[in-house]
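Now for the letters of each chain:
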Amino acid sequence: MGTVNEIKIALLGSEGVGKSALLVRFLTKRFIGEYASNSIFLYKKRLLIDGRQLNLEIFEPCSQTDENQYPVIEPLEWANSFIVVYNISDRASFLTAKNIIHQIKEARMEQCKSDAEVVISLVGNKQDLCHAREVSEEEGRLLAIDKKCQFQEVSAAEHYQEIFSMFLKLIHAAGDCLKNKADKRRYSGSKSMAKFINNVFGKRRKSV
(Lines give C-alpha, C1' and ligand atoms only; values in the text may rest on other atoms or scores of the structure.)
Protein backbone atom coordinates (compact mmCIF):
# COMPACT_ATOMS: atom_id res chain seq x y z
CA MET A 1 0.00 0.00 0.00
CA GLY A 2 3.03 2.35 0.10
CA THR A 3 5.16 4.10 2.70
CA VAL A 4 4.20 7.14 4.77
CA ASN A 5 5.68 9.42 2.08
CA GLU A 6 3.87 7.71 -0.80
CA ILE A 7 0.27 8.81 -1.27
CA LYS A 8 -1.55 6.74 -3.87
CA ILE A 9 -5.00 8.02 -4.81
CA ALA A 10 -7.53 6.23 -7.01
CA LEU A 11 -9.96 8.62 -8.72
CA LEU A 12 -13.23 6.78 -9.31
CA GLY A 13 -16.70 7.53 -10.65
CA SER A 14 -18.95 6.96 -13.62
CA GLU A 15 -18.37 8.47 -17.05
CA GLY A 16 -18.99 12.18 -17.46
CA VAL A 17 -18.81 13.21 -13.79
CA GLY A 18 -15.70 15.34 -14.34
CA LYS A 19 -12.89 13.20 -12.91
CA SER A 20 -10.33 14.31 -15.51
CA ALA A 21 -11.41 17.94 -15.14
CA LEU A 22 -10.91 17.78 -11.36
CA LEU A 23 -7.51 16.19 -11.75
CA VAL A 24 -6.26 18.64 -14.38
CA ARG A 25 -7.50 21.55 -12.24
CA PHE A 26 -5.50 20.23 -9.30
CA LEU A 27 -2.34 19.52 -11.27
CA THR A 28 -2.27 22.56 -13.59
CA LYS A 29 -4.92 25.02 -12.31
CA ARG A 30 -6.47 24.89 -15.80
CA PHE A 31 -9.99 23.74 -16.65
CA ILE A 32 -10.68 21.25 -19.39
CA GLY A 33 -14.06 19.98 -20.51
CA GLU A 34 -14.71 16.37 -19.60
CA TYR A 35 -13.94 13.82 -22.27
CA ALA A 36 -14.68 10.13 -22.51
CA SER A 37 -11.64 7.89 -22.37
CA ASN A 38 -11.05 4.18 -22.64
CA SER A 39 -7.51 4.55 -21.33
CA ILE A 40 -6.03 4.14 -17.86
CA PHE A 41 -3.92 7.03 -16.58
CA LEU A 42 -1.34 7.24 -13.81
CA TYR A 43 -0.20 10.72 -12.85
CA LYS A 44 2.83 11.39 -10.63
CA LYS A 45 3.66 14.57 -8.76
CA ARG A 46 6.13 15.49 -6.01
CA LEU A 47 4.74 17.81 -3.34
CA LEU A 48 6.16 19.65 -0.35
CA ILE A 49 3.49 19.77 2.37
CA ASP A 50 4.15 21.01 5.91
CA GLY A 51 7.88 20.72 5.23
CA ARG A 52 7.58 17.07 4.22
CA GLN A 53 8.36 15.73 0.74
CA LEU A 54 5.56 13.55 -0.61
CA ASN A 55 5.42 11.39 -3.71
CA LEU A 56 1.86 11.62 -5.00
CA GLU A 57 0.44 9.17 -7.53
CA ILE A 58 -3.10 9.40 -8.87
CA PHE A 59 -4.66 6.49 -10.73
CA GLU A 60 -7.63 7.11 -13.03
CA PRO A 61 -9.04 3.87 -14.48
CA CYS A 62 -11.49 3.65 -17.35
CA SER A 63 -14.95 4.92 -16.53
CA GLN A 64 -17.74 2.38 -16.07
CA THR A 65 -21.34 3.17 -16.85
CA ASP A 66 -22.83 0.10 -15.14
CA GLU A 67 -23.17 0.97 -11.44
CA ASN A 68 -23.06 -2.71 -10.48
CA GLN A 69 -19.88 -3.55 -12.37
CA TYR A 70 -17.36 -0.86 -11.45
CA PRO A 71 -13.76 -2.20 -11.79
CA VAL A 72 -12.79 -1.34 -8.21
CA ILE A 73 -10.58 -4.32 -7.37
CA GLU A 74 -7.46 -3.25 -9.31
CA PRO A 75 -7.31 0.28 -7.85
CA LEU A 76 -8.14 -1.09 -4.40
CA GLU A 77 -5.07 -3.32 -4.43
CA TRP A 78 -2.89 -0.35 -5.40
CA ALA A 79 -4.32 2.74 -3.68
CA ASN A 80 -4.15 3.89 -0.07
CA SER A 81 -6.88 6.54 -0.53
CA PHE A 82 -9.82 7.20 -2.84
CA ILE A 83 -11.74 10.07 -4.39
CA VAL A 84 -15.22 8.98 -5.50
CA VAL A 85 -16.89 11.53 -7.78
CA TYR A 86 -20.50 12.04 -8.84
CA ASN A 87 -22.31 14.74 -10.81
CA ILE A 88 -24.86 16.62 -8.68
CA SER A 89 -27.12 16.94 -11.75
CA ASP A 90 -27.06 13.19 -12.48
CA ARG A 91 -28.69 10.95 -9.88
CA ALA A 92 -27.48 7.75 -11.55
CA SER A 93 -23.86 8.85 -11.01
CA PHE A 94 -24.62 9.35 -7.30
CA LEU A 95 -25.97 5.79 -7.06
CA THR A 96 -22.82 4.56 -8.79
CA ALA A 97 -20.66 6.50 -6.31
CA LYS A 98 -22.60 4.96 -3.43
CA ASN A 99 -22.00 1.49 -4.85
CA ILE A 100 -18.29 2.17 -5.40
CA ILE A 101 -17.84 3.20 -1.76
CA HIS A 102 -19.64 0.03 -0.66
CA GLN A 103 -17.32 -2.08 -2.83
CA ILE A 104 -14.22 -0.34 -1.44
CA LYS A 105 -15.33 -0.87 2.16
CA GLU A 106 -16.35 -4.47 1.57
CA ALA A 107 -13.16 -5.41 -0.28
CA ARG A 108 -10.94 -3.68 2.31
CA MET A 109 -12.68 -5.64 5.09
CA GLU A 110 -11.94 -8.89 3.25
CA GLN A 111 -8.30 -7.95 2.57
CA CYS A 112 -7.39 -6.34 5.91
CA LYS A 113 -9.63 -7.81 8.59
CA SER A 114 -7.38 -6.53 11.37
CA ASP A 115 -7.03 -2.98 9.99
CA ALA A 116 -9.73 -2.02 7.48
CA GLU A 117 -9.38 1.76 7.85
CA VAL A 118 -9.45 3.50 4.47
CA VAL A 119 -9.51 7.18 3.50
CA ILE A 120 -12.28 8.10 1.05
CA SER A 121 -13.46 11.50 -0.15
CA LEU A 122 -16.95 11.69 -1.69
CA VAL A 123 -17.05 14.60 -4.13
CA GLY A 124 -20.14 16.12 -5.72
CA ASN A 125 -18.87 17.85 -8.86
CA LYS A 126 -20.50 20.34 -11.24
CA GLN A 127 -21.81 22.60 -8.48
CA ASP A 128 -22.19 25.23 -11.21
CA LEU A 129 -25.13 23.16 -12.52
CA CYS A 130 -27.13 23.61 -9.30
CA HIS A 131 -30.14 24.77 -11.37
CA ALA A 132 -30.31 21.19 -12.72
CA ARG A 133 -29.49 19.51 -9.38
CA GLU A 134 -30.80 15.96 -8.88
CA VAL A 135 -28.83 15.20 -5.68
CA SER A 136 -29.11 17.55 -2.72
CA GLU A 137 -26.00 18.57 -0.82
CA GLU A 138 -27.59 17.16 2.34
CA GLU A 139 -28.04 13.74 0.72
CA GLY A 140 -24.38 13.65 -0.28
CA ARG A 141 -23.31 14.74 3.19
CA LEU A 142 -25.48 12.11 4.90
CA LEU A 143 -24.01 9.36 2.70
CA ALA A 144 -20.50 10.52 3.59
CA ILE A 145 -21.32 10.53 7.31
CA ASP A 146 -22.85 7.06 7.06
CA LYS A 147 -19.81 5.68 5.21
CA LYS A 148 -17.27 7.66 7.29
CA CYS A 149 -15.98 9.60 4.27
CA GLN A 150 -14.86 13.15 3.71
CA PHE A 151 -17.36 15.17 1.68
CA GLN A 152 -17.28 18.26 -0.51
CA GLU A 153 -19.23 19.76 -3.39
CA VAL A 154 -17.06 21.51 -5.97
CA SER A 155 -17.06 22.95 -9.47
CA ALA A 156 -14.09 22.00 -11.62
CA ALA A 157 -15.30 24.59 -14.14
CA GLU A 158 -15.18 27.52 -11.74
CA HIS A 159 -12.94 27.07 -8.69
CA TYR A 160 -9.34 25.93 -8.36
CA GLN A 161 -8.83 26.69 -4.67
CA GLU A 162 -11.64 24.48 -3.36
CA ILE A 163 -10.37 21.57 -5.48
CA PHE A 164 -6.82 22.08 -4.23
CA SER A 165 -8.16 22.16 -0.65
CA MET A 166 -10.14 18.96 -1.25
CA PHE A 167 -7.06 17.11 -2.51
CA LEU A 168 -4.93 18.54 0.29
CA LYS A 169 -7.40 17.41 2.96
CA LEU A 170 -7.39 13.89 1.52
CA ILE A 171 -3.58 13.82 1.29
CA HIS A 172 -3.25 14.88 4.94
CA ALA A 173 -5.73 12.19 6.04
CA ALA A 174 -4.03 9.52 3.93
CA GLY A 175 -0.62 10.45 5.35
CA ASP A 176 -1.95 10.31 8.93
CA CYS A 177 -3.59 6.93 8.23
CA LEU A 178 -0.35 5.49 6.82
CA LYS A 179 1.63 6.83 9.79
CA ASN A 180 -0.83 5.29 12.26
CA LYS A 181 -0.60 1.94 10.51
CA ALA A 182 3.22 2.09 10.52
CA ASP A 183 3.20 2.94 14.24
CA LYS A 184 0.88 0.00 14.94
CA ARG A 185 3.19 -2.35 13.03
CA ARG A 186 6.22 -1.09 14.97
CA TYR A 187 4.39 -1.46 18.28
CA SER A 188 3.22 -4.95 17.37
CA GLY A 189 6.78 -5.88 16.31
CA SER A 190 8.20 -4.54 19.57
CA LYS A 191 5.70 -6.56 21.60
CA SER A 192 6.52 -9.71 19.64
CA MET A 193 10.25 -9.18 20.16
CA ALA A 194 9.78 -8.55 23.89
CA LYS A 195 7.71 -11.71 24.17
CA PHE A 196 10.36 -13.70 22.27
CA ILE A 197 13.19 -12.40 24.49
CA ASN A 198 11.16 -13.11 27.63
CA ASN A 199 10.45 -16.65 26.49
CA VAL A 200 14.09 -17.34 25.62
CA PHE A 201 15.64 -15.90 28.76
CA GLY A 202 12.81 -17.12 30.96
CA LYS A 203 13.50 -20.68 29.85
CA ARG A 204 17.22 -20.24 30.50
CA ARG A 205 16.62 -19.00 34.04
CA LYS A 206 14.43 -21.98 34.78
CA SER A 207 17.09 -24.40 33.49
CA VAL A 208 19.86 -22.87 35.62
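Worth saying up front: this structure is predicted, and the values here are computed from it rather than measured.

Attention now goes to the sheet that holds strand S1 (residues 6-13). With respect to topology, six strands assemble into an open sheet ordered S2-S3-S1-S4-S5-S6, the strand pairing being mixed. With one partner strand each, in any of the chains shown, strand S2 (41-49) and strand S6 (150-153) form the two edges of the open sheet. Geometrically, the sheet is characterised by an average inter-axis angle of 20 degrees between neighbouring strands, direction not taken into account. Relative to strand S4 (residues 81-87), S1 is paired through five bridges, and the arrangement is parallel. From the neighbouring strand, Ile9 faces S4, where its bridge partner is Ser81. Those strands touched by helix H3 (residues 91-111) are S1, S4 and strand S5 (119-125), and its axis lies near 160 degrees from that of S4.

This part is about the pairing of S2. Two faces, one strand: in a regular strand the side chains alternate between the faces of the sheet. The pairing of S2 with strand S3 (residues 52-60) spans nine bridges and is antiparallel. Considered in S3, the bridge of Leu47 is made with Leu54.

What follows concerns the nonpolar core. Soluble globular proteins tend to pack their nonpolar side chains together in the buried interior. Residues Ile9, Ile83, Phe167 and Ile171 are the most contacted members of the largest nonpolar core, which totals 27 residues. The dominant element in this core, judged by the number of residues it contributes, is helix H5 (residues 161-207), at eight residues. In this view, Ile83 contacts Ile9, Ala10, Leu11, Leu12, Ser121, Val123, Met166, Phe167 and Leu170; residues no more than four positions away in its chain are not counted. In this structure, Ala10, Leu76, Phe94 and Ile101 belong to the second largest nonpolar core, which totals 22 residues.

Even without being a glycine, Lys29 presents a positive backbone phi close to 70 degrees. The topology assignment puts Lys29 in the loop between helix H1 (19-28) and S2. Within the chain, Lys148 stands out as a residue other than glycine whose phi angle is a positive 60 degrees. Within the fold, Lys148 resides in the loop between helix H4 (137-147) and S6.

Each value, and the rule that gives it
- Every chain is numbered independently, its residues counted from 1 as its sequence is written.
- Only residues with pLDDT of at least 70 are given local features in this predicted model, and only at 80 or more are side-chain atom pairs given and counted; all residues enter the totals for whole chains, interfaces and linings.
- To obtain the side-chain values, all non-hydrogen atoms of the structure were included, while hydrogens and water were left out.
- Here, any two strands with at least 2 DSSP bridges between them count as paired.
- The secondary structure listing takes helices from DSSP runs of H or I that are at least 4 residues long and strands from runs of E that are at least 2 residues long, numbered from the N terminus.
- Lines are fitted to the C-alpha atoms to define the axes, a helix being fitted only along its stretch in contact, and any angle between axes, read from their N-to-C directions, falls within 0 to 180 degrees.
- Residues count as neighbours in contact if any of their non-hydrogen atoms are within 4.5 Å of one another.
- Put simply, buried Ala, Val, Leu, Ile, Met, Phe, Trp, Tyr and Cys residues joined by side-chain atoms within 4.5 Å make one nonpolar core.
- Only protein chains enter the accessibility calculation, which uses a 1.4 Å probe; a residue is then buried when its area is under 20% of its type maximum, exposed when over 50%, and partly exposed in between.

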